[in-house]
Amino acid sequence: MIAIVVSRADGASEHVGERLLEVGDWTRHEDDDRPDDEGGGTYYRTDGFELRTFDGLHVDMVDPADAFGGVGDGNAVESPDLLVFVSRHSGNTGPLLTAHVTGNFGPAEYGGEPRTLARAAPGAEKRVVDALATHAPEEYEVGIECTHHGPTAVSVPSLFVELGSDDPQWGDPAGARAVARAVLDLRGAGPNHRGDDGHPRHLVGFGGGHYAPRFTRIVRETDWAVGHVGADWALDEMGSSGANRDVIAAAFKRSRAEHAVIEGDRPELADVVADLGYRVVSETWVRAVDARPLALVEHLESAMGPVSEGLRFGSVVPGSPGADTGDDDGDGDDVTIRRFPAALLARAQGIDGDAARAAVEANAVAFETEQAGTRVTGAVAFAADDASPGYAALVADLATTLAAGYDEVVVAADAVLARETAFDPDLAAERGVPEGPAFGRLAAGEAVDVDGETVRPDSVTRSREERFPVHEDGGNRTKSDGSEPDDAVSEE
(Lines give C-alpha, C1' and ligand atoms only; values in the text may rest on other atoms or scores of the structure.)
Protein backbone atom coordinates (compact mmCIF):
# COMPACT_ATOMS: atom_id res chain seq x y z
CA MET A 1 0.00 0.00 0.00
CA ILE A 2 1.25 3.49 -0.89
CA ALA A 3 0.56 6.31 1.55
CA ILE A 4 0.07 9.79 0.08
CA VAL A 5 0.76 12.77 2.35
CA VAL A 6 -0.97 16.08 1.61
CA SER A 7 -0.07 19.24 3.56
CA ARG A 8 -2.57 22.03 4.28
CA ALA A 9 0.41 24.36 4.78
CA ASP A 10 1.39 23.88 1.13
CA GLY A 11 -1.09 25.20 -1.43
CA ALA A 12 0.48 23.20 -4.24
CA SER A 13 0.21 20.04 -2.15
CA GLU A 14 -3.49 20.66 -1.54
CA HIS A 15 -3.96 21.34 -5.25
CA VAL A 16 -2.30 18.04 -6.20
CA GLY A 17 -4.43 16.33 -3.54
CA GLU A 18 -7.57 17.71 -5.17
CA ARG A 19 -6.46 16.42 -8.58
CA LEU A 20 -5.68 13.01 -7.07
CA LEU A 21 -9.25 12.77 -5.85
CA GLU A 22 -10.46 13.97 -9.24
CA VAL A 23 -8.59 11.45 -11.41
CA GLY A 24 -8.79 8.45 -9.05
CA ASP A 25 -11.68 6.27 -7.92
CA TRP A 26 -11.64 6.89 -4.17
CA THR A 27 -13.82 5.96 -1.22
CA ARG A 28 -14.21 8.34 1.69
CA HIS A 29 -13.48 7.25 5.26
CA GLU A 30 -13.37 8.80 8.74
CA ASP A 31 -10.73 8.34 11.42
CA ASP A 32 -12.02 9.68 14.72
CA ASP A 33 -9.10 8.29 16.72
CA ARG A 34 -6.51 10.67 15.28
CA PRO A 35 -6.58 14.50 15.28
CA ASP A 36 -7.34 16.15 11.96
CA ASP A 37 -4.02 17.99 11.97
CA GLU A 38 -2.17 14.66 12.17
CA GLY A 39 -3.91 12.90 9.30
CA GLY A 40 -7.14 11.97 11.09
CA GLY A 41 -10.68 12.93 10.23
CA THR A 42 -11.62 12.47 6.59
CA TYR A 43 -9.24 10.41 4.49
CA TYR A 44 -9.49 8.46 1.23
CA ARG A 45 -8.68 5.03 -0.13
CA THR A 46 -8.44 3.52 -3.56
CA ASP A 47 -6.83 0.36 -4.83
CA GLY A 48 -3.24 0.40 -3.58
CA PHE A 49 -3.36 3.89 -2.04
CA GLU A 50 -4.44 5.78 1.04
CA LEU A 51 -4.49 9.60 1.10
CA ARG A 52 -4.43 11.65 4.30
CA THR A 53 -4.04 15.37 4.94
CA PHE A 54 -1.88 16.97 7.64
CA ASP A 55 -1.58 20.55 8.90
CA GLY A 56 2.20 20.75 9.08
CA LEU A 57 4.72 21.25 6.32
CA HIS A 58 6.13 18.04 4.95
CA VAL A 59 9.73 18.91 5.82
CA ASP A 60 8.86 19.35 9.50
CA MET A 61 7.05 16.03 9.89
CA VAL A 62 8.69 13.17 11.76
CA ASP A 63 6.99 9.93 10.69
CA PRO A 64 3.55 10.38 9.12
CA ALA A 65 3.56 6.69 8.13
CA ASP A 66 2.12 5.96 11.59
CA ALA A 67 -1.17 7.57 10.52
CA PHE A 68 -1.77 5.11 7.69
CA GLY A 69 -3.12 1.58 7.59
CA GLY A 70 -4.39 -0.26 10.62
CA VAL A 71 -8.15 -0.48 11.15
CA GLY A 72 -10.54 2.09 9.76
CA ASP A 73 -14.34 1.89 9.50
CA GLY A 74 -14.03 -1.66 10.82
CA ASN A 75 -11.80 -2.78 7.90
CA ALA A 76 -8.20 -3.85 8.41
CA VAL A 77 -5.74 -2.23 5.99
CA GLU A 78 -2.08 -3.13 5.66
CA SER A 79 0.58 -0.69 6.78
CA PRO A 80 2.19 1.33 3.99
CA ASP A 81 5.15 0.02 2.04
CA LEU A 82 5.95 3.43 0.59
CA LEU A 83 5.23 7.04 1.51
CA VAL A 84 4.76 9.73 -1.13
CA PHE A 85 4.80 13.41 -0.19
CA VAL A 86 3.05 15.53 -2.84
CA SER A 87 4.58 18.96 -2.52
CA ARG A 88 5.48 22.24 -4.12
CA HIS A 89 8.91 22.81 -5.60
CA SER A 90 10.24 26.31 -5.13
CA GLY A 91 13.06 27.78 -7.21
CA ASN A 92 14.06 29.87 -10.21
CA THR A 93 13.66 26.93 -12.56
CA GLY A 94 10.44 27.65 -14.44
CA PRO A 95 7.82 24.94 -14.92
CA LEU A 96 9.36 21.80 -13.43
CA LEU A 97 8.12 18.46 -12.12
CA THR A 98 10.62 16.71 -9.85
CA ALA A 99 11.11 13.78 -7.52
CA HIS A 100 13.73 13.17 -4.84
CA VAL A 101 14.41 11.31 -1.63
CA THR A 102 15.10 13.07 1.65
CA GLY A 103 17.83 13.55 4.19
CA ASN A 104 20.76 15.74 5.11
CA PHE A 105 24.39 14.97 4.30
CA GLY A 106 25.35 17.89 6.51
CA PRO A 107 23.39 20.41 8.62
CA ALA A 108 19.59 20.19 8.81
CA GLU A 109 18.51 23.62 7.64
CA TYR A 110 15.10 22.49 6.38
CA GLY A 111 13.84 19.75 8.64
CA GLY A 112 15.03 16.36 9.74
CA GLU A 113 18.21 15.59 11.63
CA PRO A 114 21.73 16.63 10.56
CA ARG A 115 23.95 14.02 8.91
CA THR A 116 20.97 11.69 8.63
CA LEU A 117 19.41 10.12 5.55
CA ALA A 118 15.90 8.74 5.20
CA ARG A 119 15.10 5.34 3.72
CA ALA A 120 15.16 5.98 -0.03
CA ALA A 121 12.78 4.59 -2.65
CA PRO A 122 14.93 4.42 -5.81
CA GLY A 123 12.55 2.17 -7.74
CA ALA A 124 9.52 4.32 -7.01
CA GLU A 125 11.47 7.45 -7.92
CA LYS A 126 12.47 5.91 -11.24
CA ARG A 127 8.92 4.90 -12.03
CA VAL A 128 7.38 8.22 -11.03
CA VAL A 129 9.93 10.21 -13.06
CA ASP A 130 9.01 8.16 -16.13
CA ALA A 131 5.35 8.81 -15.38
CA LEU A 132 5.96 12.54 -14.90
CA ALA A 133 7.62 12.64 -18.32
CA THR A 134 4.58 10.89 -19.79
CA HIS A 135 1.99 13.18 -18.23
CA ALA A 136 3.85 16.52 -18.08
CA PRO A 137 2.38 19.43 -20.05
CA GLU A 138 4.63 20.51 -22.90
CA GLU A 139 6.12 23.49 -21.08
CA TYR A 140 7.29 21.47 -18.06
CA GLU A 141 10.73 19.96 -17.59
CA VAL A 142 11.10 16.72 -15.63
CA GLY A 143 13.98 15.56 -13.47
CA ILE A 144 15.28 14.50 -10.08
CA GLU A 145 16.84 16.61 -7.37
CA CYS A 146 19.61 15.80 -4.96
CA THR A 147 18.93 14.65 -1.41
CA HIS A 148 17.96 17.62 0.73
CA HIS A 149 15.71 18.54 3.67
CA GLY A 150 13.60 16.39 5.99
CA PRO A 151 11.93 14.27 7.08
CA THR A 152 14.71 11.85 8.00
CA ALA A 153 12.94 9.45 10.41
CA VAL A 154 10.16 8.03 8.23
CA SER A 155 9.77 4.34 9.09
CA VAL A 156 9.18 3.24 5.48
CA PRO A 157 10.90 4.23 2.22
CA SER A 158 9.67 7.60 0.97
CA LEU A 159 10.06 10.26 -1.69
CA PHE A 160 8.79 13.68 -2.64
CA VAL A 161 6.95 14.30 -5.91
CA GLU A 162 6.79 18.01 -6.60
CA LEU A 163 5.06 20.65 -8.71
CA GLY A 164 7.20 23.70 -9.44
CA SER A 165 8.45 26.17 -9.40
CA ASP A 166 6.34 29.25 -8.47
CA ASP A 167 2.77 30.52 -8.00
CA PRO A 168 1.67 30.13 -11.64
CA GLN A 169 2.64 26.45 -11.62
CA TRP A 170 1.39 25.70 -8.09
CA GLY A 171 -2.06 26.80 -9.24
CA ASP A 172 -1.85 25.18 -12.68
CA PRO A 173 -4.50 22.44 -12.99
CA ALA A 174 -2.63 20.73 -15.85
CA GLY A 175 0.61 20.57 -13.87
CA ALA A 176 -1.13 19.36 -10.70
CA ARG A 177 -3.06 16.76 -12.70
CA ALA A 178 0.21 15.50 -14.22
CA VAL A 179 1.69 15.00 -10.75
CA ALA A 180 -1.49 13.27 -9.58
CA ARG A 181 -1.52 10.87 -12.50
CA ALA A 182 2.18 10.13 -12.11
CA VAL A 183 1.67 9.26 -8.43
CA LEU A 184 -1.23 6.95 -9.26
CA ASP A 185 0.97 5.27 -11.87
CA LEU A 186 2.95 3.97 -8.89
CA ARG A 187 0.14 1.53 -8.19
CA GLY A 188 1.67 -1.85 -7.47
CA ALA A 189 5.19 -0.46 -7.29
CA GLY A 190 7.48 -1.00 -4.36
CA PRO A 191 10.47 1.08 -3.27
CA ASN A 192 13.02 -1.04 -5.12
CA HIS A 193 13.93 -1.49 -8.77
CA ARG A 194 15.11 -5.03 -9.43
CA GLY A 195 16.69 -6.47 -12.53
CA ASP A 196 15.75 -9.76 -14.15
CA ASP A 197 18.37 -11.37 -11.91
CA GLY A 198 16.41 -10.28 -8.84
CA HIS A 199 19.07 -7.90 -7.52
CA PRO A 200 18.30 -4.23 -6.79
CA ARG A 201 19.79 -2.03 -9.52
CA HIS A 202 20.37 1.03 -7.38
CA LEU A 203 23.12 3.63 -7.42
CA VAL A 204 24.21 6.30 -5.01
CA GLY A 205 25.14 9.57 -6.67
CA PHE A 206 27.82 11.96 -5.51
CA GLY A 207 28.71 15.37 -6.93
CA GLY A 208 27.16 17.58 -9.52
CA GLY A 209 24.47 20.20 -9.19
CA HIS A 210 21.27 20.34 -7.20
CA TYR A 211 19.12 19.22 -10.15
CA ALA A 212 21.39 16.27 -10.91
CA PRO A 213 21.26 16.08 -14.72
CA ARG A 214 23.67 13.12 -14.87
CA PHE A 215 21.57 11.11 -12.43
CA THR A 216 18.37 12.14 -14.18
CA ARG A 217 19.84 10.70 -17.39
CA ILE A 218 20.70 7.47 -15.63
CA VAL A 219 17.19 7.19 -14.20
CA ARG A 220 15.47 7.92 -17.48
CA GLU A 221 17.78 6.25 -19.99
CA THR A 222 19.12 3.10 -18.30
CA ASP A 223 17.82 0.15 -16.29
CA TRP A 224 19.29 1.65 -13.12
CA ALA A 225 17.60 3.63 -10.37
CA VAL A 226 19.24 6.24 -8.17
CA GLY A 227 18.82 6.54 -4.42
CA HIS A 228 20.52 9.22 -2.39
CA VAL A 229 22.36 11.96 -4.30
CA GLY A 230 24.90 14.11 -2.50
CA ALA A 231 25.30 17.23 -4.65
CA ASP A 232 28.49 19.27 -4.53
CA TRP A 233 26.99 21.78 -2.12
CA ALA A 234 25.75 19.02 0.21
CA LEU A 235 29.13 17.27 0.24
CA ASP A 236 30.85 20.58 0.92
CA GLU A 237 28.53 21.16 3.90
CA MET A 238 29.18 17.62 5.10
CA GLY A 239 32.95 18.11 5.12
CA SER A 240 35.71 15.54 4.79
CA SER A 241 34.57 12.18 3.47
CA GLY A 242 37.05 10.44 5.73
CA ALA A 243 35.58 12.12 8.80
CA ASN A 244 32.02 11.29 7.69
CA ARG A 245 32.31 7.63 6.77
CA ASP A 246 29.10 6.91 8.64
CA VAL A 247 27.13 9.30 6.44
CA ILE A 248 28.65 7.82 3.26
CA ALA A 249 27.84 4.31 4.50
CA ALA A 250 24.29 5.36 5.32
CA ALA A 251 23.80 6.64 1.76
CA PHE A 252 24.43 3.11 0.47
CA LYS A 253 22.50 1.31 3.20
CA ARG A 254 19.48 3.63 2.96
CA SER A 255 19.52 3.34 -0.84
CA ARG A 256 20.05 -0.46 -0.82
CA ALA A 257 22.89 0.17 -3.28
CA GLU A 258 26.30 -1.36 -3.89
CA HIS A 259 27.49 1.00 -6.65
CA ALA A 260 28.12 4.72 -6.84
CA VAL A 261 28.70 7.23 -9.61
CA ILE A 262 30.89 10.16 -8.60
CA GLU A 263 30.72 13.29 -10.71
CA GLY A 264 33.93 15.30 -10.60
CA ASP A 265 37.29 14.55 -9.03
CA ARG A 266 36.81 13.39 -5.44
CA PRO A 267 39.62 10.89 -4.71
CA GLU A 268 39.09 10.89 -0.94
CA LEU A 269 35.41 10.06 -1.39
CA ALA A 270 36.24 7.33 -3.91
CA ASP A 271 38.72 5.80 -1.44
CA VAL A 272 36.13 5.84 1.35
CA VAL A 273 33.52 4.20 -0.89
CA ALA A 274 35.97 1.45 -1.87
CA ASP A 275 37.10 0.96 1.73
CA LEU A 276 33.47 0.52 2.78
CA GLY A 277 33.19 -2.33 0.28
CA TYR A 278 31.24 -0.56 -2.46
CA ARG A 279 32.21 0.05 -6.06
CA VAL A 280 32.62 3.36 -7.88
CA VAL A 281 31.51 3.09 -11.51
CA SER A 282 31.16 5.53 -14.37
CA GLU A 283 28.08 6.54 -16.33
CA THR A 284 29.68 4.65 -19.22
CA TRP A 285 29.71 1.50 -17.07
CA VAL A 286 26.07 1.99 -16.12
CA ARG A 287 25.04 2.41 -19.74
CA ALA A 288 27.13 -0.52 -20.95
CA VAL A 289 25.89 -2.88 -18.23
CA ASP A 290 22.30 -1.63 -18.31
CA ALA A 291 19.97 -4.59 -17.60
CA ARG A 292 22.54 -7.40 -17.80
CA PRO A 293 22.90 -9.77 -14.85
CA LEU A 294 25.47 -8.37 -12.47
CA ALA A 295 27.04 -11.77 -11.79
CA LEU A 296 27.59 -12.18 -15.54
CA VAL A 297 29.13 -8.71 -15.78
CA GLU A 298 31.46 -9.46 -12.86
CA HIS A 299 32.57 -12.73 -14.49
CA LEU A 300 33.21 -11.11 -17.88
CA GLU A 301 35.07 -8.15 -16.44
CA SER A 302 37.29 -10.59 -14.57
CA ALA A 303 37.88 -12.75 -17.64
CA MET A 304 38.14 -10.10 -20.35
CA GLY A 305 38.89 -6.79 -18.67
CA PRO A 306 36.74 -4.00 -17.20
CA VAL A 307 34.35 -1.73 -19.01
CA SER A 308 36.75 1.13 -18.33
CA GLU A 309 39.29 -0.62 -20.58
CA GLY A 310 36.85 -1.27 -23.42
CA LEU A 311 34.62 -4.23 -22.54
CA ARG A 312 31.17 -3.88 -24.08
CA PHE A 313 28.13 -6.15 -24.14
CA GLY A 314 26.07 -7.71 -26.88
CA SER A 315 22.39 -8.56 -26.91
CA VAL A 316 22.86 -12.25 -26.04
CA VAL A 317 22.40 -13.15 -22.37
CA PRO A 318 23.24 -16.70 -21.26
CA GLY A 319 20.39 -18.40 -19.48
CA SER A 320 17.74 -16.16 -21.09
CA PRO A 321 14.43 -17.79 -22.17
CA GLY A 322 15.03 -20.34 -24.90
CA ALA A 323 18.72 -20.78 -24.11
CA ASP A 324 19.44 -24.10 -22.37
CA THR A 325 22.81 -23.15 -20.94
CA GLY A 326 22.61 -24.68 -17.51
CA ASP A 327 23.59 -21.21 -16.28
CA ASP A 328 20.39 -20.33 -14.49
CA ASP A 329 22.05 -17.82 -12.17
CA GLY A 330 23.49 -15.85 -15.09
CA ASP A 331 26.98 -15.83 -13.62
CA GLY A 332 28.69 -16.58 -16.92
CA ASP A 333 29.75 -20.15 -16.05
CA ASP A 334 28.78 -21.28 -19.55
CA VAL A 335 30.34 -18.60 -21.76
CA THR A 336 32.95 -19.27 -24.42
CA ILE A 337 35.60 -16.61 -25.09
CA ARG A 338 37.39 -16.58 -28.45
CA ARG A 339 39.45 -14.22 -30.54
CA PHE A 340 37.69 -12.35 -33.30
CA PRO A 341 38.56 -13.30 -36.91
CA ALA A 342 40.73 -10.22 -36.94
CA ALA A 343 41.16 -9.56 -40.67
CA LEU A 344 37.50 -10.23 -41.46
CA LEU A 345 36.38 -7.95 -38.66
CA ALA A 346 38.78 -5.20 -39.72
CA ARG A 347 37.61 -5.26 -43.33
CA ALA A 348 33.94 -5.37 -42.34
CA GLN A 349 34.43 -2.36 -40.07
CA GLY A 350 36.20 -0.57 -42.90
CA ILE A 351 33.30 -1.15 -45.28
CA ASP A 352 30.45 -0.38 -42.86
CA GLY A 353 31.37 0.20 -39.24
CA ASP A 354 27.78 0.44 -38.02
CA ALA A 355 26.74 -2.81 -39.71
CA ALA A 356 29.80 -4.63 -38.40
CA ARG A 357 29.12 -3.40 -34.86
CA ALA A 358 25.50 -4.50 -35.17
CA ALA A 359 26.62 -7.96 -36.29
CA VAL A 360 28.88 -8.31 -33.27
CA GLU A 361 26.25 -7.09 -30.82
CA ALA A 362 23.61 -9.42 -32.26
CA ASN A 363 25.75 -12.53 -31.77
CA ALA A 364 27.93 -11.83 -28.75
CA VAL A 365 27.51 -11.81 -25.00
CA ALA A 366 30.44 -9.39 -24.69
CA PHE A 367 33.38 -8.13 -26.70
CA GLU A 368 36.48 -6.01 -26.41
CA THR A 369 36.85 -2.59 -27.99
CA GLU A 370 39.38 0.20 -28.39
CA GLN A 371 39.24 3.90 -29.21
CA ALA A 372 36.87 4.72 -26.33
CA GLY A 373 34.57 1.85 -27.18
CA THR A 374 34.03 2.84 -30.79
CA ARG A 375 36.02 0.10 -32.56
CA VAL A 376 35.62 -3.64 -31.95
CA THR A 377 38.80 -5.65 -31.49
CA GLY A 378 40.39 -8.50 -29.57
CA ALA A 379 38.22 -11.13 -27.90
CA VAL A 380 34.54 -11.96 -27.98
CA ALA A 381 32.35 -14.02 -25.63
CA PHE A 382 29.54 -16.28 -26.83
CA ALA A 383 26.83 -18.17 -24.99
CA ALA A 384 27.77 -21.84 -25.07
CA ASP A 385 24.42 -23.32 -26.01
CA ASP A 386 22.61 -24.50 -29.11
CA ALA A 387 19.83 -21.91 -28.90
CA SER A 388 22.08 -18.82 -28.99
CA PRO A 389 24.06 -17.53 -31.95
CA GLY A 390 27.78 -18.16 -31.88
CA TYR A 391 31.01 -17.85 -33.80
CA ALA A 392 29.63 -19.23 -37.07
CA ALA A 393 26.67 -16.84 -36.99
CA LEU A 394 29.01 -13.91 -36.37
CA VAL A 395 31.21 -14.93 -39.33
CA ALA A 396 28.14 -15.17 -41.57
CA ASP A 397 26.90 -11.72 -40.52
CA LEU A 398 30.32 -10.13 -41.01
CA ALA A 399 30.49 -11.76 -44.45
CA THR A 400 27.14 -10.16 -45.27
CA THR A 401 28.65 -6.80 -44.34
CA LEU A 402 31.55 -7.50 -46.71
CA ALA A 403 29.12 -8.01 -49.59
CA ALA A 404 28.64 -4.26 -49.89
CA GLY A 405 32.26 -3.91 -51.01
CA TYR A 406 32.72 -6.95 -53.26
CA ASP A 407 31.08 -8.61 -56.23
CA GLU A 408 30.88 -11.99 -54.48
CA VAL A 409 31.41 -13.21 -50.93
CA VAL A 410 31.54 -16.91 -50.07
CA VAL A 411 31.73 -18.42 -46.59
CA ALA A 412 33.92 -21.53 -46.75
CA ALA A 413 34.82 -23.95 -43.98
CA ASP A 414 37.93 -22.12 -42.85
CA ALA A 415 37.74 -18.72 -44.53
CA VAL A 416 35.55 -16.06 -46.05
CA LEU A 417 36.43 -15.50 -49.72
CA ALA A 418 35.70 -12.07 -51.16
CA ARG A 419 35.98 -11.56 -54.90
CA GLU A 420 35.74 -8.49 -57.10
CA THR A 421 36.49 -7.50 -60.65
CA ALA A 422 37.81 -3.99 -60.80
CA PHE A 423 39.34 -1.52 -63.27
CA ASP A 424 43.11 -1.90 -63.41
CA PRO A 425 44.91 1.32 -64.36
CA ASP A 426 48.10 -0.61 -65.25
CA LEU A 427 46.25 -2.65 -67.89
CA ALA A 428 44.62 0.51 -69.22
CA ALA A 429 48.01 2.19 -69.53
CA GLU A 430 49.34 -0.85 -71.42
CA ARG A 431 46.48 -0.36 -73.91
CA GLY A 432 47.52 3.27 -74.38
CA VAL A 433 44.67 4.84 -72.46
CA PRO A 434 45.76 8.23 -71.10
CA GLU A 435 45.15 9.00 -67.44
CA GLY A 436 42.26 11.36 -66.79
CA PRO A 437 38.62 11.26 -67.91
CA ALA A 438 39.17 8.09 -69.95
CA PHE A 439 40.24 6.20 -66.84
CA GLY A 440 37.06 7.36 -65.10
CA ARG A 441 34.84 6.25 -67.98
CA LEU A 442 36.42 2.79 -68.11
CA ALA A 443 36.09 2.44 -64.31
CA ALA A 444 32.41 3.34 -64.68
CA GLY A 445 31.92 0.59 -67.28
CA GLU A 446 32.05 2.68 -70.47
CA ALA A 447 34.21 1.90 -73.53
CA VAL A 448 36.64 4.53 -74.81
CA ASP A 449 38.37 5.13 -78.18
CA VAL A 450 42.17 5.40 -78.24
CA ASP A 451 43.81 6.21 -81.59
CA GLY A 452 40.87 4.71 -83.44
CA GLU A 453 40.76 1.56 -81.35
CA THR A 454 37.90 0.81 -78.94
CA VAL A 455 39.01 -0.22 -75.48
CA ARG A 456 36.30 -2.09 -73.65
CA PRO A 457 36.03 -2.11 -69.82
CA ASP A 458 36.36 -5.90 -69.55
CA SER A 459 39.73 -5.75 -71.27
CA VAL A 460 41.24 -3.54 -68.56
CA THR A 461 39.85 -5.25 -65.46
CA ARG A 462 41.45 -7.72 -63.12
CA SER A 463 39.79 -10.23 -60.81
CA ARG A 464 40.89 -10.16 -57.19
CA GLU A 465 40.21 -12.52 -54.35
CA GLU A 466 40.83 -11.85 -50.70
CA ARG A 467 40.82 -14.69 -48.19
CA PHE A 468 39.88 -13.98 -44.57
CA PRO A 469 40.67 -16.92 -42.27
CA VAL A 470 37.99 -17.68 -39.71
CA HIS A 471 39.73 -20.28 -37.58
CA GLU A 472 39.90 -19.55 -33.87
CA ASP A 473 43.13 -17.54 -33.77
CA GLY A 474 41.72 -15.07 -36.28
CA GLY A 475 44.90 -15.17 -38.38
CA ASN A 476 45.91 -12.68 -41.00
CA ARG A 477 44.37 -12.51 -44.43
CA THR A 478 46.17 -14.80 -46.84
CA LYS A 479 46.25 -15.53 -50.50
CA SER A 480 44.35 -18.53 -51.74
CA ASP A 481 47.70 -20.36 -52.04
CA GLY A 482 48.36 -19.88 -48.32
CA SER A 483 51.09 -17.23 -48.56
CA GLU A 484 50.81 -13.93 -46.71
CA PRO A 485 51.73 -11.02 -48.99
CA ASP A 486 51.78 -7.46 -47.76
CA ASP A 487 48.66 -6.58 -49.72
CA ALA A 488 46.92 -9.93 -48.95
CA VAL A 489 45.36 -9.89 -52.42
CA SER A 490 45.50 -12.49 -55.14
CA GLU A 491 44.99 -11.39 -58.70
CA GLU A 492 44.07 -12.95 -61.99
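Draft legend 1. Region of the structure containing the overall build of the chain. The number of helices and strands found in the chain is 15 helices and 26 strands. Computed over the C-alpha atoms, the radius of gyration of the chain is 31 Å, more than 25% above the 23 Å expected from 2.2 N^0.38 for a compact globule of 492 residues. When its C-alpha atoms are laid out on the principal axes, the chain stretches across 110 × 50 × 45 Å. Among the 492 residues that make up the chain, the fraction classed as buried is 51%. If you take every contact in the chain between residues at least 6 apart in sequence, the share linking residues at least 24 apart comes to 69%. Of the roughly 21,400 Å² of accessible surface on the chain, 43% is carried by carbon and sulfur atoms.

Draft legend 2. Seen up close, unusual backbone geometry. With an omega dihedral of 0°, the bond running from glycine 150 to proline 151 counts as a cis peptide bond. The topology assignment puts proline 151 in the loop between β11 (141–144) and β12 (158–165). In this chain, glycine 164 is followed by serine 165 through a cis amide linkage whose omega measures 20°. Structurally, the position occupied by serine 165 is in strand β12.

Draft legend 3. How the structure looks around the packing of aromatic side chains. Scanning the model with the defined rule gives eight aromatic pairs in all. Plain terms: the ring middles of phenylalanine 85 and phenylalanine 160 are 4.6 Å apart, the flat faces sit at 20° to each other, and that makes the pair stacked. In this pair, phenylalanine 85 is assigned in strand β7 (residues 82–90) and phenylalanine 160 in strand β12, connecting sequence segments 75 residues apart. On the basis of relative accessible area, phenylalanine 160 is assigned to the buried category, the value being 1%. One aromatic cluster is present, formed by Phe105, Phe206, Phe252 and Tyr278 through successive ring pairs. Of note, arginine 338 hangs over the ring of tyrosine 391, and the distance from its end group to the ring centre comes to 3.6 Å.

Draft legend 4. Fine view of the side chain of serine 87. With respect to the element layout, serine 87 can be found in strand β7. Among the polar contacts made by the side chain of serine 87, one reaches the side chain of aspartate 10 at a distance of 3.4 Å. Setting aside chain neighbours within four positions, we find serine 87 in contact with Asp10, Ser13, His58, Phe160, Val161, Glu162 and Leu163.

Draft legend 5. Looking closely at the sheet that holds strand β16 (residues 279–281). The strand order across the open sheet built from four strands is β14-β13-β15-β16, with neighbouring strands paired in parallel fashion. A single partner strand is all that each edge strand has here, and the edge strands are β14 (225–230) and β16. For this sheet, the mean angle separating the axes of adjacent strands, direction not counted, is 35°. Its contacts with the sheet place helix α2 (residues 122–135) against β13 (202–206) and β14, and it is angled at close to 105° to β14.

Conventions used here
- Note on numbering: residues in each chain are counted from 1, in written sequence order.
- Per-residue local features of the predicted model are confined to residues with pLDDT of at least 70, and side-chain atom pairs are confined, for both listing and counting, to 80 or more; whole-chain, interface and lining totals are unaffected and use all residues.
- Side-chain numbers come from the whole structure's heavy atoms, not from hydrogens or water.
- Numbering of helices and strands starts at the N terminus; helices are DSSP runs of H or I of at least 4 residues and strands are runs of E of at least 2.
- For this measure, only C-alpha atoms enter the radius of gyration; the expected value for a globule follows 2.2 Å times N^0.38, where N is the number of residues.
- Burial here depends on accessible area, computed with a 1.4 Å probe over protein chains only, as a share of the maximum for the residue type. Under 20% is buried, over 50% is exposed, and the range in between is partly exposed.
- Contact between two residues is taken to exist if any of their heavy atoms lie within 4.5 Å; hydrogens are not considered.
- Where accessible areas are quoted, they stem from the Shrake-Rupley method and a 1.4 Å probe; at the residue level, only the protein chains shown are allowed to cover.
- Only the six-membered ring of Trp is used, alongside the rings of Phe and Tyr, when aromatic pairs are assigned; centres must lie within 6.5 Å, and planes under 30 degrees apart are stacked while those over 60 apart are edge-to-face, with the rest tilted.
- Either the NZ atom of lysine or the CZ atom of arginine qualifies as a charge over a ring when it sits within 6 Å of the ring centre and within 35 degrees of the ring normal.
- Two N or O atoms form a polar contact when they lie within 3.5 Å of each other; inside protein one atom must be a possible hydrogen donor and the other a possible acceptor, and for residues adjacent in sequence the pair counts only when both atoms belong to side chains.
- We treat two strands as partners when DSSP finds at least two bridges between them.
- Only C-alpha atoms enter the line fits that serve as axes; for helices the fit covers just the stretch in contact. Angles between N-to-C directions range over 0 to 180 degrees.

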